[in-house]
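What follows is the residue order along each chain.
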Amino acid sequence: MGFADQRFNVNLSILFTELPLLERPAAAAAAGFTAVELWWPWIDTPTPERSDLDSLKKAIEDAGVRLTGLNFYAGELPGPDRGALSIPGEESERFRANIDVAADFAGSLGATALNALYGNRVDGVDPAEQDALALENLVLAARAADRIGAILLIEALNKPESPLYPLVSAPAAVGIVDKVNNATGLGNAKFLMDLYHLSMNGEDLPAVIDEFASKTGHVQIADNPGRGAPGTGSLPLDDLLDQLKKAGYDGWVGLEYKPGDRPSAETFDWLSR
C-alpha cells in the first residue's frame with residue numbers, strides 16, 4: 001500500500017502560490033492531479049463580485065480538475081486569523097454573509113466538503129459566549145452544506161502556531177463535531193484530521209486514527225518538522241495513511257504542505273516512491 005494507494009488532491013492556497021490564483025488549477029492538472037481544494041480565496045471579503053467567482057469557477061473547469069473542498073471565510077488566512085465564526089461582532093457577521101456564497105460556489109463545482117475554522121479566542125470575551133456563538137454559526141453552516149450534499153468539516157490546529165485557537169487536539173475538535181450533529185440531527189459534521197497539526201501538538205497519531213477514523217471526513221498532510229513535503233521531516237506518513245485506509249477512510253488526502261524554495265511542481269517526487 002503506501003502513497004500509491006491514496007487519492008491525493010492539492011491545496012491551491014499553500015501550493016502553487018507562486019502563480020496567480022487563476023493559473024493554479026491548470027498547474028495542478030499539469031502536475032498530474034485531478035482534484036484541488038482551497039482556503040477561502042478572497043481574504044478581504046466574504047462576498048466577492050460575481051465576476052470573481054465566475055472567473056475562478058471557469059479556471060477550475062477549464063483545467064479539468066474537480067474542486068473537492070473549500071473553506072468558509074476565515075479572516076486573514078494565511079495571517080493572524082484562524083477563522084471568524086466564534087468572534088462576536090463584524091467577523092461573525094461576515095462569516096454568516098459568506099455561508100451561502102461559499103456553499104453555492106462549492107456546490108456549483110461539485111465540492112462535497114466545506115471547512116469551517118473556529119476562530120481565535122478574543123481578549124475580554126467570555127469563552128462560553130464565543131462557544132455559544134460558534135455553535136449557532138456551525139449549525140447554519142451544516143445546514144448550508146447539507147443543502148448542497150456536502151459535509152461540514154471541523155479542524156484541530158496546533159498550539160505552537162495557533163496559540164489563541166481553542167481546538168488544539170483531536171478530542172476537542174471531535175467534541176464540536178458531536179455538538180453540531182446533536183444540534184442539527186443531520187450527522188454531516190465531520191472531523192478534519194490534519195496529521196501535521198496533530199503531530200505538532202504531540203498527539204499519538206496511531207491512537208487518534210484508531211479512535212476517530214470513523215468520524216473523519218477529510219485528511220490533510222504535511223511532514224514535521226517544517227510543514228514540508230513527505231520525506232522532508234520524520235513523520236511516517238505512508239504508514240499513517242495505510243492505517244487510515246485499513247480503518248475505513250477512503251476519502252481524499254489533501255496536500256497542504258509548503259513547497260520550500262522549489263517551485264511547487266518540483267515537490268511531488270515523493271509520489272513516485
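See the structure printed just above.
One structure accompanies this document, and this report is about it. (Residues numbered from 1 in each chain as written. Predicted model: local features only at pLDDT ≥ 70, side-chain atom pairs only at ≥ 80, totals over all residues. Heavy atoms only, no water.)

Moving on, we get to empty space enclosed by the protein. Empty space left among the atoms is revealed by rolling a probe the size of a water molecule over them. In this structure the tally under the stated criterion is one cavity of 30 Å³ or more. The calculated volume of the largest cavity comes to roughly 30 Å³. If you trace the largest cavity, you find it lined by Trp-39, Trp-40, Ile-43, Tyr-73, Ala-74, Gly-75 and Leu-77. (1 Å grid on protein atoms, 1.4 Å probe; cavity = no way out; pocket = protein on both sides within 12 Å on 5 of 7 lines; lining within 4 Å. Points joined across faces, edges and corners; volume = space filled by probe spheres on them.)

An ideal rise of 1.5 Å per residue puts 20 Å on 14 residues; helix H2 (residues 50–63) measures up with 20 Å between its terminal C-alpha atoms. Within the span of H2, buried status applies to Leu-53, Leu-56, Ala-59, Ile-60 and Ala-63. Down the axis of H2, the sector holding all buried residues measures 130 degrees, keeping them to one side. Along H2, the residues that are exposed and aim more than 90 degrees away from the buried face are Arg-50, Lys-58 and Asp-62. Looking at the buried positions of H2, the neighbouring elements they touch are helix H1 (24–30), strand E2 (35–38), strand E3 (66–71) and helix H3 (90–108). One or two residues past the end of H2 sits Gly-64, with phi positive at roughly 75 degrees. (Helix = DSSP H or I, 4+ residues; strand = E, 2+ residues; numbered from the N terminus. Expected span 1.5 Å × (residues − 1). Buried < 20%, exposed > 50% of the residue type's maximum accessible area, 1.4 Å probe, protein only. Arc of directions from axis to C-beta. Contact = heavy atoms within 4.5 Å.)

Moving on, we get to the pattern of salt bridges. With the rule as written, the count across this model stands at eleven salt bridges. Note that Arg-94 and Glu-90 form a salt bridge whose closest N and O atoms lie 3.9 Å from each other. One end of the pair, Arg-94, and the other, Glu-90, are both in helix H3, four residues apart, so they sit about a helical turn from each other. Its salt-bridge partner being Asp-178, residue Lys-215 comes within 3.0 Å of it at the nearest N-O pair. Within this pair, whereas Lys-215 is found in the loop between helix H7 (205–212) and strand E7 (216–221), its partner Asp-178 is found in helix H5 (residues 170–184), the two being separated by 37 residues in sequence. A relative accessible area of 31% means that Lys-215 is categorised as partly exposed. (Salt bridge = Lys/Arg side-chain N within 4 Å of Asp/Glu carboxyl O.)

Throughout the structure, instances matching the rule amount to nine aromatic pairs. With a centroid separation of 5.2 Å and 85 degrees between ring planes, the pair formed by Phe-8 and Trp-270 is classed as edge-to-face. Residue Phe-8 is located in strand E1 (residues 8–11), and its partner Trp-270 is located in the segment after strand E8 (253–255); the two are separated by 262 residues in the primary sequence. The class for Trp-270 is buried, based on a relative accessible area of 0%. (Phe/Tyr/Trp six-rings, centres within 6.5 Å; stacked < 30°, edge-to-face > 60°.)

A separate point is H3. Between its first and last C-alpha, H3 extends 28 Å over 19 residues, near the 27 Å set by a 1.5 Å rise per residue. Among the residues of H3, Glu-91, Ser-92, Arg-94, Phe-95, Asn-98, Ile-99, Ala-102, Ala-103, Phe-105 and Ala-106 are the ones counted as buried. Its buried side turned inward, H3 meets H2, E3, strand E4 (113–115) and helix H4 (127–147). Just downstream of H3, Gly-110 is the residue with a positive phi angle, here 80 degrees.

On to unusual backbone geometry. Following Leu-77, the chain continues into Pro-78 via a peptide bond in cis, with omega recorded as 0 degrees. Note that Pro-78 resides in the loop between E3 and H3. The step from Asn-224 to Pro-225 runs through a cis peptide bond, and the omega angle for that step is 5 degrees. Examined against the element boundaries, Pro-225 turns out to sit in the loop between E7 and helix H8 (237–246). We note that Phe-16 has phi near 65 degrees; this positive angle belongs to a residue other than glycine.

Counting buried residues in E3 gives five out of six residues, a clear majority hidden from the surface. As judged from the four bridges shared by E2 and E3, these two strands associate in the parallel manner. Residue Ala-35 lies in a different strand from E3, and its bridge partner there is Arg-66. In terms of strand pairing, E3 meets E4 through three bridges, oriented parallel. Bridge pairing links Leu-70 to Leu-114 in E4. Note that the unit made of E3, H3 and E4 has a crossover that is right-handed. (Pairing = 2+ DSSP bridges. Right-handed = clockwise from strand over helix to strand, strands pointing away.)

Spatial strand order, E1-E2-E3-E4-E5-E6-E7-E8: eight strands in a closed barrel with parallel pairing. Taking the axes of each pair of neighbouring strands and ignoring which way they run, one obtains an average angle of 30 degrees across the sheet. In this sheet, E8 lies alongside E7 in parallel orientation, the contact comprising three bridges. Looking at the pairing, Gln-220 lines up with Gly-254 of E8. In the packing of H3 onto the sheet, the strands contacted are E3 and E4, and the crossing angle to E3 comes to about 165 degrees. (Axes fitted to C-alpha atoms, helices over the stretch in contact; angles between N-to-C directions.)

Read these as geometric descriptors, not functional statements.
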